[in-house]
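# Observations on chain architecture
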Amino acid sequence: MILTDVLGSRVYGPDATYLGRVADARFVLDQPPPGQLLAGARLQGLIVSPHSAGSFMGYERNNVNRPWPWAQLLKWWHRGSFLVLWADIKVMGPETVTLREGFSAHDPGLEGAGTA
Amino acid sequence: MNRPQHTPARLEPAPPTSGRVLDAQLHLLDRQVIDVDGLPVTTVDDLELEGVEADIPIAAGAAAPVISALLSGPVLGTRIFGGRPPSSRLIRLTWKDVSAVDVTIRLGVRSESLAESWVERWIRDKIITRIPGGKHDPH
């Protein structure tokens, strides 16, 4: 599957409630297997934004606040963004992503989520 | 774009991870790829995921997909007008060759061995070498 097919897809809850669009995909580097230079990048989940189909520079996911007006504008634009984990995704496609019953919305912040 | 009908009122903290976290748009896409000798190879236009198929229901407890390759190709037109090039037009750079992800993405192999640099090799072998003095470094 090609990642950019999923970016921008509409995200629906289990009851067909529209939640937003896929703004990004989050990966975690696990331990590298023998003979490989870098760990495999495992999909942890998708960042869902209720107000935009993408994300610009990730201001809503980190503590960067300079230049202040720009940071405030972008944080407001991406307000309400959340992370849904892979375990909560039922179907992933170029048009829609459907979540499982009882899915959890997680804080999308990168601070404390690992070094990046 | 439709307005969302429901926004989760409460966000749970992100689950702790033992490894480094990378967001595709922020840390991978559009990054320059550098080979083991420090030579630029390409930029990352897309990522290929292994372990998931589009629009096929995912079994509960299924293993998470992983990045199998970095993709590059002729994406300028599709970025302006929408869509993406056919999968067959994209050149794959396997994730196994990636040695580090930083401001740039570094490889552990030489660009000579990669399909990405075929244009550069072709120009060198077919055009530059036919120019007088083109077969050796400048004195």
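Above this text is the structure in question.
Here we summarise the structure given alongside this text. (Residues numbered from 1 in each chain as written. Chains lettered and ligands numbered in written order. Predicted model: local features only at pLDDT ≥ 70, side-chain atom pairs only at ≥ 80, totals over all residues. Heavy atoms only, no water.)

## Focus: the overall build of chain B
Secondary structure assignment for chain B yields three helices and eight strands. The N-to-C order of helical and strand elements in chain B reads β-α-β-β-β-β-α-β-β-β-α. On C-alpha atoms alone, chain B measures out to a radius of gyration of 20 Å, which is more than a quarter above the 14 Å that the 2.2 N^0.38 rule sets for 139 residues. Relative to all contacts within chain B whose residues are 6 or more apart in sequence, the contacts with residues 24 or more apart total 43%. Carbon and sulfur atoms make up 55% of the accessible area of chain B, which totals about 8600 Å². (Helix = DSSP H or I, 4+ residues; strand = E, 2+ residues; numbered from the N terminus. Rg over C-alpha atoms; globule rule 2.2 N^0.38 Å. Contact = heavy atoms within 4.5 Å. Areas by Shrake-Rupley, 256 points an atom, 1.4 Å probe, with all protein chains shown as cover.)

## Details of the layout of surface pockets
With a probe scaled to a water molecule rolled over the atoms, the places where space remains empty come into view. There is about 720 Å³ of room inside the largest pocket. What lines the largest pocket is a set of 28 residues, among which L7 and S55 of chain A together with Q25, L29 and D30 of chain B lie closest to the centre. Those elements that place two or more of their residues in the lining of the largest pocket are helix 1 (3-6) of chain A together with helix 1 (24-28) and helix 2 (76-81) of chain B. Classifying every residue of the lining of the largest pocket by side-chain character gives 11 nonpolar, nine polar and eight charged. By volume, the second largest pocket is sized at about 200 Å³. Lining the second largest pocket are D35, D37, L39, P40, V41, R110, S111, E112, S117, E120, R121 and R124 of chain B. Breaking the lining of the second largest pocket down by element, the ones donating at least two residues are strand 3 (40-43) and helix 3 (118-126) of chain B. If you tally residues by element for the lining of the second largest pocket, the top one is helix 3 of chain B, at three residues. For the lining of the second largest pocket, the residue count by class is three nonpolar, two polar and seven charged. (1 Å grid on protein atoms, 1.4 Å probe; cavity = no way out; pocket = protein on both sides within 12 Å on 5 of 7 lines; lining within 4 Å. Points joined across faces, edges and corners; volume = space filled by probe spheres on them. Nonpolar A, V, L, I, M, F, W, Y, C, P; charged D, E, K, R; others polar.)

## Examining the pairing of strand 4 (residues 46-50) of chain B
Residue and element names in this part refer to chain B. Counting buried residues in strand 4 gives four out of five residues, a clear majority hidden from the surface. When strand 4 meets strand 5 (residues 66-72), the two strands line up antiparallel, connected through five bridges. Within the sheet, the bridge partner assigned to L47 lies in strand 5 and is L70. (Buried < 20%, exposed > 50% of the residue type's maximum accessible area, 1.4 Å probe, protein only. Pairing = 2+ DSSP bridges.)

## With respect to the interface of chain A and chain B
Contact with chain A, which involves 59 residues of that partner, is made by 56 residues of chain B. Scanning the region where chain A abuts chain B turns up three salt bridges. The shortest N-O distance in the salt bridge between D23 of chain B and R61 of chain A comes to 2.6 Å. Counting every contact that joins chain A to chain B gives 24 residue pairs in polar contact (both at pLDDT 80 or more). Taken together, the elements giving at least two residues each to the side of chain A that touches chain B come down to helix 1, strand 2 (18-29), strand 3 (41-49), strand 4 (82-85) and strand 5 (89-92) of chain A. Per element, the largest residue contribution to the side of chain A that touches chain B is 11 residues, and it comes from strand 2 of chain A. The residue inventory of the side of chain A that touches chain B, partitioned by class, reads 32 nonpolar, 17 polar and 10 charged. Of the strand pairs in this sheet, strand 2 of chain A and strand 1 (residues 21-23) of chain B are connected by three bridges, and their pairing is antiparallel. The partner of F27 of chain A across the bridge, within strand 1 of chain B, is L22 of chain B. (Salt bridge = Lys/Arg side-chain N within 4 Å of Asp/Glu carboxyl O. Polar contact = N/O pair within 3.5 Å; in protein donor to acceptor, adjacent residues only side chain to side chain.)

## Observations regarding unusual backbone geometry
Backbone torsion omega between R66 of chain A and P67 of chain A reads -10 degrees, so that peptide bond is classified as cis. Position of P67 of chain A relative to the elements: it lies in the loop between strand 3 and helix 2 (68-77). Phi at D30 of chain B is positive, roughly 70 degrees, even though this residue is not glycine. Tracing the sequence through the fold places D30 of chain B in the loop between helix 1 and strand 2 (32-34). The phi torsion at D55 of chain B lies on the positive side, around 60 degrees, for a residue other than glycine. Within the secondary structure layout, D55 of chain B lies in the loop between strand 4 and strand 5. The exposure class of D55 of chain B is partly exposed, given its relative accessible area of 42%.

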